[in-house]
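Listed below, chain by chain, are the residues.
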Amino acid sequence: MASIPLQQTESREAGEAAERRWPEEGHTRIPYWVYTDESIFKKEMQRFFHGPTWNYVALDCEVPNPGDFKRSWIGNSQVVVVRDKDGSINVVENRCAHKGALVCWKNKGNAKDFTCPYHQWNYDLKGNLQGVPLKRGALGQGGMPKDFDQKKWGLRKLQVTNRGGSIWASFDPEVPDFETYCGPEMLSYVDRLFPGKGLRLLGYSRQIIPCNWKMYFENLKDPYHATLLHAFFITFGLWRADSKSESIPCSDGRHGIMVSRNEGKKTTEATKDMSRFKGEFDLEDKDTVTPFPEFPDRKVVGLTLFPSVVLQQQANTLGMRHIIPLSAKEVEVSWTFFGYEDDTPELARLRLRHSNLMGPAGFVSIDDSEVLTQCQFGANGAEDSMAVIEMGGKDTEPQDHMVTEVLIRSFYRFYKEAMGF
Amino acid sequence: MPAETAAKMESGEALDRTELRALKQDLWELYEDYAQACDRQDFQAWTTFFTQDCEYKAISRENFDEALPHATLYCDGLGMVKDRAMALRETAVYEPRHLRHFLSGLRVTSVAGDSIESEANFLVVESMSGRESRIVFVGTYVDRVVRTPQGLKFQSRQAVFDNYRVLVSLVVPI
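Residues numbered from 1 in each chain as written. Chains lettered and ligands numbered in written order. Predicted model: local features only at pLDDT ≥ 70, side-chain atom pairs only at ≥ 80, totals over all residues.

### Remarks on the interface of chain A and chain B
(1) Moving on: Facing 37 residues of chain A, the contacting portion of chain B comprises 32 residues.
(2) Moving on: Looking at the side of chain A that touches chain B, the elements that each hand over two or more residues are β12 (199-209), α7 (231-235), β18 (330-340), α8 (345-354) and α9 (365-379) of chain A.
(3) Moving on: Among the elements that make up the side of chain A that touches chain B, the one with the highest residue count is β12 of chain A (nine residues).
(4) Moving on: Partitioned by chemical class, the residues of the side of chain A that touches chain B number 18 nonpolar, 11 polar and eight charged.
(5) Moving on: Of the strand pairs in this sheet, β12 of chain A and strand β7 (residues 166-167) of chain B are connected by two bridges, and their pairing is parallel. Each bridged residue has a counterpart across the sheet, and for Q207 of chain A the counterpart in β7 of chain B is V166 of chain B. (Contact = placed C-beta atoms within 7 Å. Helix = DSSP H or I, 4+ residues; strand = E, 2+ residues; numbered from the N terminus. Nonpolar A, V, L, I, M, F, W, Y, C, P; charged D, E, K, R; others polar. Pairing = 2+ DSSP bridges.)

As structure tokens, then:
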């Protein structure tokens, strides 16, 4: 199916979005209306999630066998990820071509084909419409008109890429290939997590955070906060302002790479500014903060791959944080925790333990969910005000330290232009 | 627990109605005391309900049903339980809240030696400033309780929550 031309999209973008003016300081300011305005949210869904972007939808280990399917989301549209008979993976929109009912009602399962429960329109695993009951009518009466062309009425099919077992989809047939979309630097970090060896699904944690989806995305572009807010990280050396680190904006600023290193518990000159450093506390069970060095580069990495996902590797916990925007003021974050088929029992054990750092009950992620909730409260009703993003300067060049908001500035430089502000 | 009941449990002999009723009474007290420690956000008290070799999980229904090992909150051994309590007291940043556990439907699913398998439903309601109270967790405990010299303790407690998503965060254990 052809993508909606941009012209037509713009003419439908009525309402407030068209009236908004970005602060003249540019990308060092974020007007709070980007977090509150539903007309802007609509525009983002069309331009970003339905536009020429690659969206994370699944890991291939979630659908190992032919016919295995999983429901997923791209923005606020539901899709089905299904393993075809030949082993390839298809992604189709979960919406019957007839009356729009969801065709697939289960989150996971195995199917030979998909039948909409309403009027039993039947689709193959590629989304092609195979059967319309009573198409020729009954007792010589009714039925579809002669010119009804079954080939035109399949489920909406998406572009699909499988990169080392991570599955990405796009609504836009004109989307550049995944490699180009990521750019070489981001791609090398995606490949670092997905080098092509078998993946092992460990499980899910899902949460609703009452904040705009971009706030969540920004939080993973913000090494500055992690050195201050997260006492657990700071105290146990998992993330500190005095670690060797990098903040690398990618492509046109839409993606970001945030790199740090596990330093262990220690007191240095910088700890005096970390008011939340708790020198007196120690853990009974050190495993929680003692990573097995599985990556030769010893890095800790957070990737924001626009628009749909944060790829996380902290200690030995690996996770895809799927960003599913629900409205301007609410986002679902669905965490898929995984490891590799060749994990030793010891590494598998550490992955489960280290996942306690992350997710809705994570030693550090609790802080984020709570703070972002408060940020949204702050943004609501403050549409004439703005955030200031000047830590580490005003520019958008890569930086080799943590005391910077360069990734957020780069993101908003991209956003401002992409949204036409 | 009367010595006679304990002896029967040891030998694997089936409990009669009165004995089962008494056991359920003991379990009910354990469940209620645990819930109260959580509701009071007395994290130190929370640690005392577990054995040294315990496992505690707050795990989603989907992970539990699919036998996936990841739990939203996971403690493997009493050390991790104590660390969780320390982290909540000393490092976690969260908005103040009141929580209430409501328990129902206690059932004993197996008794073997010192080990009792039991289940009960839970409902957790959260109240925060400026907002209506709301249900944040609903589900079933799937437990293995053991008799110790200090009374009944959880060797394994899985709080299997049915709600598809966690609302904001899971701070206070369920």
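Alright, that's what it looks like, and here's the rest.
### Considerations on the nonpolar core
(1) Moving on: Among the nonpolar cores identified, the biggest contains 152 residues, and V57, V79, V81 and Y216 of chain A together with A58 of chain B are the most heavily contacted of them.
(2) Moving on: Not counting chain neighbours up to four residues away, the residues in contact with V79 of chain A comprise V57, S72, W73, I74, V91, V92, E93, N94, L158 and A169 of chain A. (Core = buried A, V, L, I, M, F, W, Y, C linked by C-beta atoms within 7 Å. Buried ≥ 20, exposed ≤ 12 C-beta atoms within 10 Å, placed from the backbone.)

### Some words on the confidence of the model for chain B
Detailed reading of the predicted coordinates is not advisable wherever pLDDT is low.
(1) Moving on: With 98% of its residues at a pLDDT of 70 or more, chain B has an overall mean of 94.
(2) Moving on: The ipTM value of the predicted complex is 0.94, and its pTM value is 0.93. (pLDDT = per-residue confidence, 0-100.)

### Looking at α9 of chain A
Think of an α-helix as turning once every 3.6 residues; residues three or four places apart then point the same way.
Residue and element names in this part refer to chain A.
(1) Moving on: With 15 residues, α9 ought to run about 21 Å at 1.5 Å a step, and its terminal C-alpha atoms sit 21 Å apart, in line with that.
(2) Moving on: Three or more residues of α9 are buried, namely S365, I366, D367, D368, S369, L372, Q376 and A379.
(3) Moving on: Where α9 is buried, its residues touch β12 and α5 (213-219).
(4) Moving on: One or two positions beyond α9, positive phi appears at G381, with a value near 75 degrees. (Expected span 1.5 Å × (residues − 1).)

### Quick word on the environment of T235 of chain A
Residue and element names in this part refer to chain A.
(1) Moving on: You can see T235 is positioned in helix α7.
(2) Moving on: With 24 C-beta atoms packed within 10 Å, T235 lands in the buried category.
(3) Moving on: Between the C-alpha atoms of T235 and L350, which are 115 residues apart in sequence, the distance is 20 Å.

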